[in-house]
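Commentary on secondary and tertiary structure
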Amino acid sequence: MKVKMLSRNPDNYVRETKLDIQRVPRNYDPTLHPFEVPREYVRALNATKLERVFAKPFLASLDGHRDGVNCLAKHPKSLATVLSGACDGEVKIWNLTERKCIRTIQAHEGFVRGICTRFCGTSFFTVGDDKTVKQWKMNGPGYGEEEEPLHTILGKTVYTGIDHHWKDPAFATCGQQVDIWDEQRTSPVSSMNWGFDSISSVKFNPIETFLLGSCASDRNIVLYDMRQATPLKKVILDMRTNTICWNPMEAFIFTAANEDYNLYTFDMRALDAPVMVHMDHVSAVLDVDYSPTGKEFVSASFDKSIRIFPVDKSQSREVYHTKRMQHVICVKWTSDSKYIMCGSDEMNIRLWKANASEKLGVLTSREKSANDYNQKLKEKFQHHPHVKRIARHRHLPKSIYSQIQEQRIMKEARRRKEMNRRKHSKPGSVPIVSERKKHVVAVVK
């Protein structure tokens, strides 16, 4: 057996007397600084502190609605144009650059339940409590013309959601069932249902455009194939899902906003367990939308806050709230990936920065290189205790903070109870179930 040993000459580092100077090993390469890591650590700490100092995410409040904002839609061609529908049947078109309303339409009687734009941006569709689907021109009426819809379809039941196909002149509505419509016809091309409960939301896949997903009030998330006009499969969760959103970069990934305060990211090829459970909210999650990069998504909750989650992390990286903001009903991430819009109960649409400390406007080349350097430093030292504590800290309203503490106590009590049951039961009778599999009841194909 061979044993390799380190062999060093003591003359290189042992002092002959106590009065001798300690010999320090040193690399004489002029490009290497002897204190490179300590200097970089201080720079990373300062960069993290300055990031929190300059974190001012709130940009503007668009007010003008006379009732709670119920739905939002982005213009597919124009970054500055946003559409919003309110609970009093009013639809407004906003110019984000000028931060003002450019057009108001009294579209429905009762709530505007859903709004979506056509893929070319020339018109948009709305559905409401008055059992109608209406198509409107994106540009306003000419001089002397009245504000009237291009087409009106009167349905038999209330429609609760609408979404337009990403490439074809077709759209889908949901209510008691999912209906696929051709724009030129007044009756649905096909109707699909699986069960008998009302369906709250329907979304087309932006990549595999023939796929669409819906969520119903009987806790189901159902996936459909438009080519076969049949449901593909469904997953049943512990509690009801309010809406889903497809990842714009990965065709099979979608995220569901659930009533149990969590968001679940699923791979549609394996629905028996979610890919990730995102768990920071303290009340029901009402809406979710992906960034165009597909690496992050934003969620709106009944707890009066919005959170930004990385796709591969269970904790949020950012939480936005204001004193006046009430229950957030809808949220959208703009197509340039820089801004977030949210609509809430108290009739306002708020505009936020996606990166709270980002400087707006034109950056010089020195500023860009300094930002890139600081970002790399923060990544390098992100797990050091001081850097981690400063980067993670967020101010929270007292209501959310106290609910987080309460839920932490409840979660610990459940864990302790389960451990005690396992300890005092027959071995194997109380299995260990992972957090990801706990919330999925069944998958039906």
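Residues numbered from 1 in each chain as written. Predicted model: local features only at pLDDT ≥ 70, side-chain atom pairs only at ≥ 80, totals over all residues. Heavy atoms only, no water.

1. Topic: the overall build of the protein
- In terms of helices and strands, the protein carries five helices and 29 strands.
- Along the longest, intermediate and shortest principal axes, the C-alpha atoms of the protein span 100 × 65 × 45 Å.
- Taking the contacts inside the protein whose residues are at least 6 apart along the sequence as the reference set, 49% of them involve residues at least 24 apart.
- Taken as a whole, the protein presents about 25400 Å² of accessible surface, with 53% of it coming from carbon and sulfur. (Helix = DSSP H or I, 4+ residues; strand = E, 2+ residues; numbered from the N terminus. Contact = heavy atoms within 4.5 Å. Areas by Shrake-Rupley, 256 points an atom, 1.4 Å probe, with all protein chains shown as cover.)

2. Digging into a nonpolar patch on the surface
- A cluster of nonpolar residues, Met-1, Val-3 and Met-5, forms a patch on the protein surface that exposes about 490 Å² of accessible area.
- If you trace the backbone, Val-3 turns up in the segment before helix 1 (36–53). (Patch = residues over 30% accessible without salt bridge, like charges linked within 9 Å, V, L, I, M, F, W, Y side chains within 5 Å. Salt bridge = Lys/Arg side-chain N within 4 Å of Asp/Glu carboxyl O.)

3. Digging into the UniProt feature "domain: Sof1-like protein" (unreviewed entry) in the protein
- According to UniProt, the feature "domain: Sof1-like protein" (unreviewed entry) maps to residues 354–440 in the numbering used here.
- Across residues 354–440, the secondary structure splits into 62% helix and 1% strand, with the terminal C-alpha atoms separated by 31 Å. (UniProt positions renumbered as here; feature names shortened; annotations may be inferred.)

4. A closer look at the environment of Met-279
- Relative to the helices and strands, Met-279 resides in the loop between strand 21 (276–278) and strand 22 (285–290).
- Relative accessible area serves as the criterion here: at 24%, Met-279 is assigned to the partly exposed category.
- As a C-alpha pair, Met-279 and Tyr-264 span 15 residues in sequence and 8.9 Å in three-dimensional space.
- What Met-279 contacts, discounting residues up to four positions off in sequence, is Asn-262, Phe-309, Ser-314, Lys-411 and Glu-435. (Buried < 20%, exposed > 50% of the residue type's maximum accessible area, 1.4 Å probe, protein only.)

5. Points about the sheet that holds strand 20 (residues 263–267)
- Spatially, four strands are ordered 18-19-20-21 in an open sheet, and the strand pairing comes out antiparallel. Every other strand in the sheet has two partners, leaving strand 18 (241–246) and strand 21 as the edge strands with one partner each. Direction aside, neighbouring strands of the sheet carry axes that sit 20° apart on average. (Pairing = 2+ DSSP bridges. Axes fitted to C-alpha atoms, helices over the stretch in contact; angles between N-to-C directions.)

6. Here we look at the UniProt feature "repeat: WD" (unreviewed entry) in the protein
- UniProt's feature table lists "repeat: WD" (unreviewed entry) at residues 62–104, 278–319 and 321–362, given in the numbering used throughout.
- As annotated, residues 62–104 has a helix share of 0% and a strand share of 58%, and its two end C-alpha atoms lie 14 Å apart.
- In this annotation, residues 278–319 is assigned 0% helix and 48% strand; the end-to-end C-alpha distance for the span is 13 Å.

7. Quick word on the packing of helix 1 against helix 3 (residues 385–392)
- The N-to-C vectors of helix 1 and helix 3 enclose an angle of 10°; their axes lie 9 Å apart at closest approach. By the angle between their axes, helix 1 is roughly parallel relative to helix 3. Across the interface between the two elements, Tyr-41, Leu-45, Thr-48, Lys-49 and Arg-52 from helix 1 touch His-386, Val-387, Ile-390 and Ala-391 from helix 3.
- A class-by-class count of the residues in the contact of helix 1 with helix 3 yields five nonpolar, two polar and two charged. (Parallel < 35°, antiparallel > 145°, perpendicular 65-115°, else oblique. Nonpolar A, V, L, I, M, F, W, Y, C, P; charged D, E, K, R; others polar.)

8. Some words on the pattern of salt bridges
- Per the stated rule, a full pass over the model turns up 21 salt bridges.
- Lys-378 serves as the salt-bridge partner of Glu-51, at 3.4 Å between the closest nitrogen and oxygen. Residue Glu-51 is located in helix 1, and its partner Lys-378 is located in helix 2 (residues 365–380); the two are separated by 327 residues in the primary sequence.
- Look at Glu-51 and you get partly exposed, because its relative accessible area is 25%.
- Of the charged contacts in the structure, one is a salt bridge between Arg-415 and Glu-412, with a shortest N-O distance of 2.6 Å. Linking Arg-415 with Glu-412, this pair stays in helix 4 (residues 398–423), spanning three residues, or about one helical turn.

9. Quick word on the sheet that holds strand 2 (residues 69–74)
- Spatial ordering of the open sheet is given by 2-3-4-5, a layout of four strands whose pairing is antiparallel. Each of the sheet's edge strands pairs with one partner strand only, and the pair in question is strand 2 and strand 5 (100–106). Within this sheet the neighbouring strands show an average axis-to-axis angle of 20°, counted without direction.
- Relative to strand 4 (residues 90–95), strand 3 (residues 81–86) runs antiparallel, the two being bridged by five bridges. Note on strand 4: the bridge partner recorded for Thr-81 is Asn-95.

10. Side note on the pairing of strand 22
- Here strand 22 lies mainly inside the structure; five of its six residues are buried.
- Of the pairings in the sheet, the one linking strand 22 to strand 23 (residues 296–301) comprises five bridges and is antiparallel in character. Looking across to strand 23, one finds that Val-285 is bridged to Ser-301.
- The hairpin formed by strand 22 and strand 23 contains five residues between the paired strands, and Gly-294 there has a positive phi angle of roughly 75°.

11. Notes on unusual backbone geometry
- The backbone phi angle of Arg-219 is positive, close to 75°, even though this residue is not glycine.
- Relative to the elements of secondary structure, Arg-219 occurs in the loop between strand 15 (211–216) and strand 16 (220–225).
- Looking at Arg-219, the relative accessible area reads 33%, which means it is partly exposed.
- Non-glycine residue Lys-304 carries a positive phi angle of around 70°.
- Examined against the element boundaries, Lys-304 turns out to sit in the loop between strand 23 and strand 24 (306–310).

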